[in-house]
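# An overview of the molecular structure
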Amino acid sequence: MTNQTLTAEAVNQANRPSAEDIAARRKVIEVDHLDWSFGPRQVLFDINLDVREGEIMVIMGGSGSGKTTLLRHLVGLMPPLPGKIKLLGKDMGALSRMQLLDLKRRIGVAFQFGALFSSMSVSENVKLPLRELTDLEERTMDIMANMKLEVCNLSGFGHLMPSDLSGGMMKRASIARAIVMDPKLIFLDEPSSGLDPVVSSALDDLILKLRDAMDISVVVVSHDVESAYKIADRITILDKGQILISDRVDAVRNSANERVQNLLHRRSEQAEIDPTEYLRRLAGD
Amino acid sequence: MANPAKIFETIGRRTVAGLDEMGYAAAIFFEAIYWTLAGWRYRQPVRVTATFAAMMQFGVAALPIATLLAATIGLMLAIQSLYSLGLFGAEHYAYIGIALSVVREFSPMIMGILIAGRSGSAIAAKLATMSINQEVDALQVMGINPVRFLVSPVLIALVLMMPCLAMWANLVSILAAGLYVSAELNQSFGAYLNDTIEVLKTGDVWHGLGKATLFGIIIALVGVINGSMVQGGAEGVGKVTTRSVVISITLIVVADMIFAYMTTQ
Ligand SMILES: Nc1ncnc2c1ncn2[C@@H]1O[C@H](COP(=O)(O)OP(=O)(O)OP(=O)(O)O)[C@@H](O)[C@H]1O
Ligand SMILES: [Mg+2]
């Protein structure tokens, strides 16, 4: 098992584009000075980030560090203000309604819990973007949907309803739906959460396959350190709404920053909590 | 709790929240109309199939229960009219009261209440479940406008089906009442119908159908707004579903009164 993971990792290391190679590529995501608050509570602080073409960027961080909030900004579910977000070279804040719709056709998103439409079969789910956003014939849509289901190892399961799927199948189905329009950029929220190691490792392979075969740039939000090492070109670590580090895997792994190491090795930081403060919190005021 | 200032503050906050909701409802209403008219420009027309499916669900599938209710209401009105007019020996004028109150009041109101309970709740529950499952977010990131995809078909279907149901209820109620009245008074059924048609003006029919349409809009918007405001899990779905039925019925009754007042001034 360890051996296998190691070799898989080694293979990916070999495939991994070099630092210079990546730096020379076009930016598909640019985030400039993004702040965000929920009411009085600020959850994102001056986020600056870029993702390059064909790159796999893994965003990590503890629970509540703002990963999902950042992702929701990136995919246009939250306004990119104040600050600026460019996707595929387009400034999201400055687009007309029509241009924004056009941009959304070129990105794919797989949500943490799948967000499959529970009233439609898996293949209807995958076909939905085609049905609603293109003028393709039914037969063509079927072919395209089946192709994507096959890529995600779901051929033969298209007729099932989402409620009949296992956790891993659900994630793969939502990835199939995310890639059905052949996007240049996909976002995956916690693809491996709630899955056993074998299934989540298969999912990592799928993500690598997508990048290599379809030349897609991938942004993955993840808690899973092993998986991040395996698939990432670069890792960004969020901590309390701030970017702690955003660098190549080796650099992050060997970072001298204590907080980075704590997060990677899942060491708790309880020592930082003042005992009286803790008691006060327990007492509830 | 008993602090009066607190109570006023609560009332104030509730009022502001209520106005907020009305603004939100108006925004959704205009957006739904916008997409119905201009969707094709974004290559996202409101789907005819989805609209038909909603019309079947909200209108056609409600026919059996609508018929039963309308017939019962017709009979109830006939019995009451004969009794109360009988006190003055004026039974033979029963048809006037029956015709006018069925067409102007009872059909739209009863159909409104029926559809609020039957479809308003279904709309709220569906939307709430979809929000919780992030299905609405999924639509949004795909570039499929959720208002166009989810709200417009529902709104169109209710606006079209509510007057149809009210018209159907008119027919059924008047027939049911007619059968009872003509049997009780030993009068011919044909004569009863003739009298009824005589007394009804097109204005009365339009009044009723207009209200039914308005109620359709209320049911659709209240269902949609409540569904999209859901918080929490399955429990939240139950809450907004109940809330949407209570609010729709209240608004229907109030709107009915205002409508009656304004059109009789
Ligand atoms: N709708 C909201 N309203 C208010 N606060 C919110 C909302 N959504 C998130 N937050 C807060 O913002 C902070 C960041 O949340 P976010 O969901 O982005 O964290 P996360 O890194 O995705 O955590 P997890 O790993 O648990 O999913 C949290 O403290 C959370 O409580
Ligand atoms: Mg999250």
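Residue indices follow the written sequence of each chain, beginning from 1 at its first position. Chains and ligands are labelled sequentially in the order written, the chains with letters from A and the ligands with numbers from 1. Local features are withheld for residues below a pLDDT of 70 in this predicted model, meaning they are given only at 70 or higher, and side-chain atom pairs are given and counted only at 80 or more; totals for whole chains, interfaces and linings count all residues. Note that the side-chain values use all heavy atoms of the structure and ignore hydrogens as well as water.

## Let's talk about the overall build of chain B
Quick note on the threshold: Secondary structure counts use DSSP, requiring at least four H or I residues in a row for a helix and at least two E residues in a row for a strand, with both numbered from the N terminus. Three exposure classes are used, based on accessible area relative to the maximum for each residue type with a 1.4 Å probe and protein chains only: buried under 20%, partly exposed in between, and exposed over 50%. The contact criterion used is simple: two residues touch if any of their non-hydrogen atoms lie within 4.5 Å.
Of regular secondary structure, chain B possesses nine helices and zero strands. In chain B, the succession of helices and strands from N to C terminus is α-α-α-α-α-α-α-α-α. Each of the three principal axes of chain B carries a C-alpha extent, and together these read 65 × 55 × 35 Å. The 265 residues of chain B split such that 46% are buried. In chain B, once contacts between residues fewer than 6 apart in sequence are set aside, the share between residues at least 24 apart is 82%.

## Looking at the interface of chain A and chain B
Formally: Summed over both partners, the accessible area lost on bringing two parts together, with a 1.4 Å probe, is the buried area. For this document, the term salt bridge refers to a Lys or Arg side-chain nitrogen within 4 Å of an Asp or Glu carboxyl oxygen. Polar contact is defined as a pair of N or O atoms within 3.5 Å, subject to the rule that within protein one atom must be able to donate a hydrogen and the other to accept it, and that residues adjacent in sequence are counted only when both atoms are side-chain atoms.
Counting residues at the interface gives 22 residues for chain A and 23 residues for chain B. Across the interface of chain A and chain B, roughly 2,100 Å² is buried in total on both sides, 58% from carbon and sulfur atoms. Three residues stand out in chain A for area buried against chain B, namely R97, F117 and E132 of chain A, and they jointly supply 28% of the buried area on that side. Taken together, the links from chain A to chain B amount to four salt bridges. Ionic pairing is found between R148 of chain B and E132 of chain A, a salt bridge with its closest N-O pair at 2.7 Å. The interface formed by chain A and chain B includes seven residue pairs in polar contact (both at pLDDT 80 or more).

## Some points on the packing of helix α2 (residues 48-58) of chain B against helix α6 (residues 146-185) of chain B
Residue and element names in this part refer to chain B. Where we set the bar: Only the stretch in contact is used when a helix axis is fitted, and all axes are lines through C-alpha atoms; the angle between N-to-C directions ranges over 0 to 180 degrees. Orientation categories follow fixed angle ranges, with anything under 35 degrees roughly parallel, anything over 145 roughly antiparallel, 65 to 115 roughly perpendicular, and all other angles oblique. Rotating anticlockwise by less than a right angle from the far helix to the near helix defines a left-handed crossing, while the corresponding clockwise rotation defines a right-handed one. Residues are grouped as follows: nonpolar covers Ala, Val, Leu, Ile, Met, Phe, Trp, Tyr, Cys and Pro; charged covers Asp, Glu, Lys and Arg; every other residue, Gly included, is treated as polar.
Orientation of α2 relative to α6, taken along the N-to-C sense of each, is 40°, at an axis distance of 8 Å. Compared by their axis directions, α2 and α6 come out oblique. The two elements α2 and α6 meet at a crossing, and its hand is right-handed. When α2 is examined against α6, the residues A50, T51, A54, M55 and F58 are found in contact with a partner set consisting of P153, V154, I156, A157, L158, L160, M161 and L165. Its residues assigned to classes, the contact of α2 with α6 shows twelve nonpolar, one polar and no charged.

## Focus on the site of ligand 1
Residue and element names in this part refer to chain A. What counts, and what does not: A cutoff of 4 Å decides nearness: a residue is near a molecule or strand if any of its heavy atoms lies inside that distance of it. For the area figures, the Shrake-Rupley method with a 1.4 Å probe applies, and any residue is considered shielded solely by the protein chains shown.
Neighbouring ligand 1 are 13 residues, the closest being R41, S63, K67, T68 and T69. Contact between ligand 1 and T68: an oxygen atom at 2.6 Å from a side-chain N or O atom of the residue. For ligand 1, an oxygen atom lies 3.4 Å from a polar atom in the side chain of H223. Here ligand 1 has 640 Å² of accessible area as a free molecule, and 62% of this is covered by the chains. If you list the elements that add at least two residues to the shell around ligand 1, you get β2 (41-52) and α3 (67-74). Ranked by residues supplied to the shell around ligand 1, first place goes to α3 with three residues. Of the residues that constitute the shell around ligand 1, the class distribution is two nonpolar, eight polar and three charged.

## Re the sheet that holds strand β5 (residues 90-91) of chain A
All names here are of chain A. As a reminder, the rule being used: By the convention used here, strands pair only if DSSP detects at least 2 bridges between them.
Pairing is antiparallel across the open sheet formed by four strands, whose spatial order is β2-β1-β4-β5. Either end of the sheet is taken by a strand with one partner, and the two such strands are β2 and β5. Looking at chain direction, strand β4 (residues 84-87) and β5 are connected through two bridges and run antiparallel. Its bridge partner lying in β5, K86 is registered against D91.

## Some points on the packing of aromatic side chains
For clarity, the cut-off: When the centres of two rings from Phe, Tyr and Trp lie within 6.5 Å, Trp using its six-membered ring, the rings pair. Their planes under 30 degrees apart give stacked, over 60 give edge-to-face, and anything left gives tilted. The criterion is that NZ of a Lys, or CZ of an Arg, lies within 6 Å of the ring centre and within 35 degrees of the ring normal, and then a charge sits over that ring.
Per the stated rule, a full pass over the model turns up five aromatic pairs over all chains. Consider the rings of W36 of chain A and F38 of chain A, whose centres lie 6.2 Å apart with planes at 85°: the pair is edge-to-face. Pairing Y34 of chain B with Y42 of chain B gives two aromatic rings, centres 6.3 Å apart and planes at 55°, and the pair type is tilted. A connected cluster of aromatic rings, assembled from ring pairs, spans Y34, W35 and Y42 of chain B. Directly above the aromatic system of Y229 of chain A lies the positively charged group of R253 of chain A, at a separation of 3.9 Å from the ring centroid.

## A short note on the confidence of the model for chain A
Keep this limit in mind: Each residue gets a pLDDT score, which is the predictor's confidence in that residue and runs from 0 to 100.
Across chain A, the average pLDDT comes to 85, with 90% of residues at or above 70. Helix α1 (residues 2-15) of chain A is the least confidently modelled element of chain A, averaging 54 in pLDDT, while strand β8 (residues 217-221) of chain A averages 94, the highest of any element.

## Thoughts on the pattern of salt bridges
Two side chains of opposite charge can pair, provided their charged atoms sit close to one another. Taken as a whole and assessed by the stated rule, the structure comprises 23 salt bridges over all chains. The shortest N-O distance in the salt bridge between D137 of chain B and R72 of chain A comes to 3.0 Å. Of the two residues, D137 of chain B sits in helix α5 (residues 135-142) while R72 of chain A sits in helix α3, which places them in two different chains. For D137 of chain B, a relative accessible area of 15% translates into the label buried. For E21 of chain B, the salt bridge goes to R243 of chain B, with nearest N and O atoms at 3.1 Å. With a gap of 222 residues between them, E21 of chain B in helix α1 (residues 4-38) and R243 of chain B in helix α9 (residues 234-264) connect regions that are remote in the sequence. Each of the salt bridges in this network shares a partner with another, and the network as a whole consists of E124, K127, R131, E138 and D142 of chain A.

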